[in-house]
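Architecture at a glance
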Amino acid sequence: DWIDVVADADTVRAKLLELASAELEDARTAYDEHLQASKPPVDEVVTEDEQSQTWAEAEIAEALEGPMRIAEAKISTLEGLDFGPKTFVEPGAIATVNGQHFVIGVSMDHFTLDGVDLMGLSPAAPIFKAIEGLGKSETASFDDRDLTVEDVI
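Just so it is clear, the structure is predicted and the values come from calculations on it, not from any experiment.

1. Quick look at the environment of Val-116
The residue Val-116 is located in strand S4 (residues 116-121) in this model. According to the relative accessible area criterion, Val-116 is buried, its value standing at 8%. Residues Val-116 and His-101, spaced 15 residues apart in sequence, show a C-alpha to C-alpha distance of 8.4 Å.

As structure tokens, then:
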């Protein structure tokens, strides 16, 4: 039963932290690899063209830093989230909406926990705004379709 799987808040939090930590590690690796590849040798004279390239590399590095900050924010949010029992759709709840299980708190691609498919949903997501505060069997309209909250734990 899916409820037995997700009812253990520590297991859900641990899985989400594992996924967010993997995102952070991947982002750090990409960032570090880019920095290493873009560093000119110390003993080389830098031409104007190479200086321009250095600025372009710095912009790329800045863009690669974004995913690291996002992953760090996910980890911080997850560590502070209360996954205790819920009766309404709110951060820390696990809600089944139209057959899809959402863990409310951070955005996360589909993942499987003991055979149950789940997806992380950020409180900033428009679909969350539509179902926020709803309880079991309540319905909201979103993007020209009805969303029914089948369960909240």
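2. Comments concerning the pairing of S4
Pairing analysis gives four bridges linking strand S2 (residues 100-104) to S4, with the strands arranged parallel. For Phe-102, the partnering residue across the bridge sits in S4 and is Met-119. Alignment of strand S3 (residues 108-113) against S4, held across four bridges, turns out to be antiparallel. Across the sheet, residue Thr-112 finds its bridge partner in S4, namely Asp-117.

3. Details of the pairing of strand S6 (residues 145-152)
Across three bridges, the pairing between strand S1 (residues 94-97) and S6 is antiparallel. Bridge pairing in S6 places Ala-95 opposite Val-152. Where strand S5 (residues 139-142) meets S6, four bridges bridge the pair, whose relative direction is antiparallel. Its bridge partner being in S6, Phe-142 is matched across the sheet by Arg-145. Remark: two residues form the turn of the hairpin made by S5 and S6, two consecutive strands paired antiparallel; Asp-143 in that turn has positive phi of roughly 55°.

Parameters and conventions
Residues numbered from 1 in each chain as written. Predicted model: local features only at pLDDT ≥ 70, side-chain atom pairs only at ≥ 80, totals over all residues. Heavy atoms only, no water. Helix = DSSP H or I, 4+ residues; strand = E, 2+ residues; numbered from the N terminus. Buried < 20%, exposed > 50% of the residue type's maximum accessible area, 1.4 Å probe, protein only. Pairing = 2+ DSSP bridges.

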